[in-house]
Protein chains: 4
Amino acid sequence: MKRLGVKERIIETASDLFYHNGYNQTGINQIIAEAGVAKASMYQHFRSKEDIAVAYLVGRHTIWMGKLFDFISTERTSKGKIIRCFDYLIDWLGEVDFRGCGWQNIITDLPIDHDKIRIQAINHKNEVRNYIHDILKSETEYTIEQAEQLGDQILILIEGAIILSQIQKNKWPILAAKNASISLLK
Amino acid sequence: MKRLGVKERIIETASDLFYHNGYNQTGINQIIAEAGVAKASMYQHFRSKEDIAVAYLVGRHTIWMGKLFDFISTERTSKGKIIRCFDYLIDWLGEVDFRGCGWQNIITDLPIDHDKIRIQAINHKNEVRNYIHDILKSETEYTIEQAEQLGDQILILIEGAIILSQIQKNKWPILAAKNASISLLK
Amino acid sequence: MKRLGVKERIIETASDLFYHNGYNQTGINQIIAEAGVAKASMYQHFRSKEDIAVAYLVGRHTIWMGKLFDFISTERTSKGKIIRCFDYLIDWLGEVDFRGCGWQNIITDLPIDHDKIRIQAINHKNEVRNYIHDILKSETEYTIEQAEQLGDQILILIEGAIILSQIQKNKWPILAAKNASISLLK
Amino acid sequence: MKRLGVKERIIETASDLFYHNGYNQTGINQIIAEAGVAKASMYQHFRSKEDIAVAYLVGRHTIWMGKLFDFISTERTSKGKIIRCFDYLIDWLGEVDFRGCGWQNIITDLPIDHDKIRIQAINHKNEVRNYIHDILKSETEYTIEQAEQLGDQILILIEGAIILSQIQKNKWPILAAKNASISLLK
DNA sequence: CATGAATGAGGCTTCATTCAT
DNA sequence: CATGAATGAAGCCTCATTCAT
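This one's a predicted model, so the numbers in the text were calculated from it and none came from an experiment.

1. A closer look at the packing of aromatic side chains
Next, step 1: Across all of its chains, the model carries 24 aromatic pairs over all chains by this definition.
Next, step 2: Seen in terms of ring centroids, Tyr88(C) and Trp92(C) are 6.2 Å apart; in terms of plane orientation they differ by 25 degrees. Their pairing is stacked. Of this pair, Tyr88(C) and Trp92(C) are both found in helix H5 (residues 78-95), 4 residues apart, which corresponds to roughly one turn of the helix.
Next, step 3: Overall, Tyr88(C) belongs to the buried group, its relative accessible area being 4%.
Next, step 4: Cluster of aromatic residues (ring-pair linked, three or more members): Trp64(A), Phe71(A), Tyr88(A) and Trp92(A).
Next, step 5: Geometry around Tyr23(C) places Lys49(C) over its ring, the cationic atom sitting 4.3 Å from the centre.

Rendered as structure tokens:
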């Protein structure tokens, strides 16, 4: 890990800690200790802990979207892609012991003034939403309006499956959400 | 508020703060200050901050379930009751400025050893799940298995609607979830 | 020193350090170390470092005014009392190695928002001013207006003598001020 | 400002910040940021923050003395020049919102080992003292000794007027000092 | 001669909890 | 059953300075 630059080491370490232990449970001291960086070096690259979280979320967004894209690209049809999203959830969340969604997790118990983080969550969810809309819009069977309405419903199933599987530490919510999406797609 | 006993004052104050500001954002000092209680008096009634949170969640569960029950009791049919659940979400979440679910919010960024709180979340969601299952089981149209599968899907829509409306600070996810549930109920 | 209560120990220690080393040069850690107090104990009694400084200045005011009063009480006449003020300065400042005035010293290099401290300085100087005015007003030779004008001139000589003796680490400015006041009093 | 050399830009920026915000309140980072200079470039020209302060004080001395000389040169007589010094104070201190004397301000709350700065203050005050002495010595009415004694008294009135007007944020101390000097000059 | 990254030490403040009364 | 004082650990952040390039 020492091969990476300081900034990269901070982001990697913080990302790991923020996601798996939580934003409030992760202290600056722990980040710099595990990253092997001096405190002031860290503040050379990031103005505040919040800014590190923003970098974490930005990086996570790219990776997460990329993995989803790759995962569902095995399917040809729109409906197939949508349904495969839930297989992605099973795959991903199983690996992380159902730790849930990084954006959901960070915005639920946040200091009042941490708006930059909140904006990241809004943006991320909007991009996922648009991504799902786009998949369904390419299906000629649906009008644009139908595609958007259906897409919103799928998005909610995804969100619900993530949070409920996190609470229950079990994949059944994801399977139920998959079944629901199959029904909704007819 | 001075009419209430010490324990009740603590729970009321903490419940308000935990829900609206977050568990990590709420300090012991703030609770005792707003409750008008001495610190050691508080520790007489509660072994730890976590225990206060448990009392908060236990109380919230009773109130929340009661309100839901009252709200949907205007409907006669099972399907009507289920769909009216989403009207309840609109009503409730609109009032609290889309502050989300107390149990979702508290388990996402919690010290590793706070298992009593985690158990509360699991229990609450299980009771909501059973409640929905029971409503659908009373519908002769469905087999027990169908009722349970459908109920799980409804639960996930509820969870997804809550968390997404919290992120977006908007009721559209609840409306979308309502539409999805209408489709799923045929 | 252990016989004193925590709050008194903090004030005593901080007063010594603030006066002799300066407000900015004195850290919270040094105060609690020398006072033998835990950091959080200190913050039980004082909301902030600034508040400790306020307590320091309030206490210092009482002591300083008292010493001045005692010192000049050997004189009967108004003029005698005024002139003896400068003997007080020589006595006091000689003892503290010409460390200057606690209020002058603290307001010259203060964080922008430390207004409580600034107010202490203003109040202290006003009380000294009124004290000198009162002494001269009891002199029948002067009208009230004359007493006030003359008092202001004396006050300025005091202030100038303090700061200049601090810079020069020498008592000559105090002696010069004393001579000036003799001339002004006719 | 980009026309100036690096060293000049640093001194100009630091001078402004040191005087108006205070030495301790001004950080190295703020100086280089506002001067548009790299950190190590700054340390190329100045060994330490203290050295920058020395350069600031040296430059300020020349400017300050020059302005005073110009201001009082409208007067022909020694006494007239001395009294006009206080008009200078009113003019200057009114413009800087009664921010006081750069040398007084910097020596009151200084790290123990910052002797180079202390020496600057001593030197500056000595030069002002000599300047005033010289003005009064050119007055044939006084013996050399009288001129020096009177000059010291004037200097103290100046110092007291500066610091007291800084605390009170008002020009009345300067006016009182002017009146005192008029009396002392007979 | 100029640069941005890196640093150790320390800044002030708050945490949940326990203790003596 | 109630209280305020006391605590160790940790919180996030900034300081003036040095180093490798």
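2. Examining the relation of the copies chain D and chain C
Next, step 1: Superposition of chain D onto chain C requires a rotation of 179 degrees combined with a translation of 0.0 Å along the rotation axis, giving an RMSD of 0.1 Å. Interpreted geometrically, this transformation is the action of a two-fold axis. Among all C-alpha atoms of chain D, that of Gly160(D) lies closest to the rotation axis, at 1.7 Å.
Next, step 2: When you check the interface residues of chain D against chain C, 100% turn up at the interface there too, and the contact is symmetric in its surfaces.

3. Concerning the protein's contact with DNA strand F
Next, step 1: Neighbouring residues of DNA strand F: 30 residues in total, closest Lys39(A), Ala40(B), Ala40(C), Ser41(C) and His45(C).
Next, step 2: Taken together, the sugar and phosphate atoms account for 53% of what DNA strand F places within 4 Å of the protein.
Next, step 3: Ile28(D) is positioned such that a nitrogen or oxygen atom in its backbone is 3.0 Å from a phosphate oxygen of DNA strand F.
Next, step 4: Put simply, the parts of the chain that give the surface near DNA strand F at least two residues each are helix H2 (28-35) and helix H3 (39-45) of chain A, helix H3 (39-45) of chain B, helix H3 (39-45) of chain C together with helix H3 (39-45) of chain D.
Next, step 5: Sorting elements by how many residues they give to the surface near DNA strand F places H3(C) first, with 5 residues.
Next, step 6: Tallied by class, the residues present in the surface near DNA strand F amount to 12 nonpolar, 12 polar and 6 charged.

4. Some remarks on the pattern of salt bridges
Residue and element names in this part refer to chain C.
Next, step 1: This model, assessed by the stated rule, comprises 30 salt bridges over all chains.
Next, step 2: Measuring nitrogen to oxygen at the nearest pair gives 2.8 Å for the salt bridge that ties Asp 152 to Arg 129. One end of the pair, Asp 152, is in helix H8 (residues 144-168); the other, Arg 129, is in helix H7 (residues 115-137), with 23 residues separating them in the sequence.

5. Describing the environment of His61(A)
Residue and element names in this part refer to chain A.
Next, step 1: With respect to the helices, strands and loops of the structure, His 61 is situated in helix H4 (residues 49-72).
Next, step 2: With a relative accessible area of 15%, His 61 lands in the buried category.
Next, step 3: In the structure, His 61 is positioned 60 residues away from Ala 121 in sequence and 9.6 Å away in space, judged by C-alpha atoms.
Next, step 4: Not counting chain neighbours up to four residues away, the residues in contact with His 61 comprise Trp 103, His 124 and Glu 127.

6. Brief notes about the UniProt feature "DNA-binding region" (unreviewed entry) in chain A
Next, step 1: Those residues carrying the UniProt feature "DNA-binding region" (unreviewed entry) are residues 27-46 of chain A in this numbering.
Next, step 2: Secondary structure across residues 27-46 of chain A comprises 75% helix and 0% strand; the distance between its end C-alpha atoms is 14 Å.

7. Looking at the UniProt feature "domain: HTH tetR-type" (unreviewed entry) in chain A
Next, step 1: UniProt tags residues 4-64 of chain A as "domain: HTH tetR-type" (unreviewed entry).
Next, step 2: Helix and strand shares over residues 4-64 of chain A are 77% and 0% respectively, and the end C-alpha atoms of the span are 21 Å apart.

8. Notes on unusual backbone geometry
The phi torsion of most residues other than glycine is negative, and most of the peptide bonds are trans.
All names here are of chain B.
Next, step 1: Positive phi outside glycine occurs at Phe 98, with the angle close to 55 degrees.
Next, step 2: The topology assignment puts Phe 98 in the loop between helix H5 (78-95) and helix H6 (102-107).
Next, step 3: The class for Phe 98 is buried, based on a relative accessible area of 12%.

9. Regarding the interface of chain A and chain B
Next, step 1: Contacts between the two partners involve 39 residues from chain A and, on the opposite side, 39 residues from chain B.
Next, step 2: For the pairing of chain A and chain B, the buried interface totals around 3200 Å² over both sides, and the portion due to carbon and sulfur atoms is 66%.
Next, step 3: Counting across the chain A and chain B interface gives 0 salt bridges.
Next, step 4: For the side of chain A that touches chain B, the secondary structure elements donating two or more residues are helix H6 (102-107), helix H7 (115-137), helix H8 (144-168) and helix H9 (172-184) of chain A.
Next, step 5: By residue number, the principal contributor to the side of chain A that touches chain B is H8(A), which donates 13 residues.
Next, step 6: For the side of chain A that touches chain B, the residue count by class is 19 nonpolar, 14 polar and 6 charged.

10. Describing the protein's contact with DNA strand E
Next, step 1: Lining the immediate surroundings of DNA strand E are 30 residues, of which Ala40(A), Ser41(A), His45(A), Lys39(C) and Ala40(D) lie closest.
Next, step 2: In DNA strand E, the atoms that sit within 4 Å of the protein are 54% sugar and phosphate, with bases accounting for the remainder.
Next, step 3: One nitrogen or oxygen atom from the side chain of Tyr43(B) is found 2.9 Å from a phosphate oxygen belonging to DNA strand E.
Next, step 4: Taken together, the elements giving at least two residues each to the surface near DNA strand E come down to H3 of chain A, H3 of chain B, helix H2 (28-35) and H3 of chain C together with H3 of chain D.

11. Topic: the side chain of His133(B)
All names here are of chain B.
Next, step 1: Relative to the elements of secondary structure, His 133 occurs in helix H7 (residues 115-137).
Next, step 2: His 133 gets classed as buried once you look at its relative accessible area, which sits at 5%.
Next, step 3: Of note is the side chain of His 133, whose polar atom sits 3.2 Å from the backbone oxygen of Glu 148.
Next, step 4: A distance of 2.8 Å separates the side chain of His 133 from the side chain of Asp 152, its partner in a polar contact.
Next, step 5: Excluding residues that lie within four positions of it along the chain, His 133 makes contacts with Ala 147, Glu 148, Gly 151 and Asp 152.

12. Some details on the domain arrangement of chain A
Residues and elements named next belong to chain A.
Next, step 1: Under the domain assignment, chain A is made up of domain 1 (1-46) and domain 2 (47-184).
Next, step 2: Distance from the C-alpha centre of domain 1 to the C-alpha centre of domain 2: 26 Å.
Next, step 3: Taken residue by residue, the interface counts 17 residues in domain 1 and 22 residues in domain 2.
Next, step 4: In terms of surface lost to domain 2, no three residues of domain 1 exceed Tyr 19, Tyr 23 and Phe 46, which account for 54% of the buried area on that side.

Parameters at a glance
Residues numbered from 1 in each chain as written. Chains lettered and ligands numbered in written order. Predicted model: local features only at pLDDT ≥ 70, side-chain atom pairs only at ≥ 80, totals over all residues. Heavy atoms only, no water. Phe/Tyr/Trp six-rings, centres within 6.5 Å; stacked < 30°, edge-to-face > 60°. Helix = DSSP H or I, 4+ residues; strand = E, 2+ residues; numbered from the N terminus. Buried < 20%, exposed > 50% of the residue type's maximum accessible area, 1.4 Å probe, protein only. Lys NZ or Arg CZ within 6 Å of the ring centre and 35° of its normal. Least-squares fit on C-alpha atoms with pLDDT ≥ 70 in both. Contact = heavy atoms within 4.5 Å. Near = heavy atom within 4 Å. Polar contact = N/O pair within 3.5 Å; in protein donor to acceptor, adjacent residues only side chain to side chain. Nonpolar A, V, L, I, M, F, W, Y, C, P; charged D, E, K, R; others polar. Salt bridge = Lys/Arg side-chain N within 4 Å of Asp/Glu carboxyl O. UniProt positions renumbered as here; feature names shortened; annotations may be inferred. Buried area = accessible area lost by both parts, 1.4 Å probe. Domains from an automatic or database assignment.

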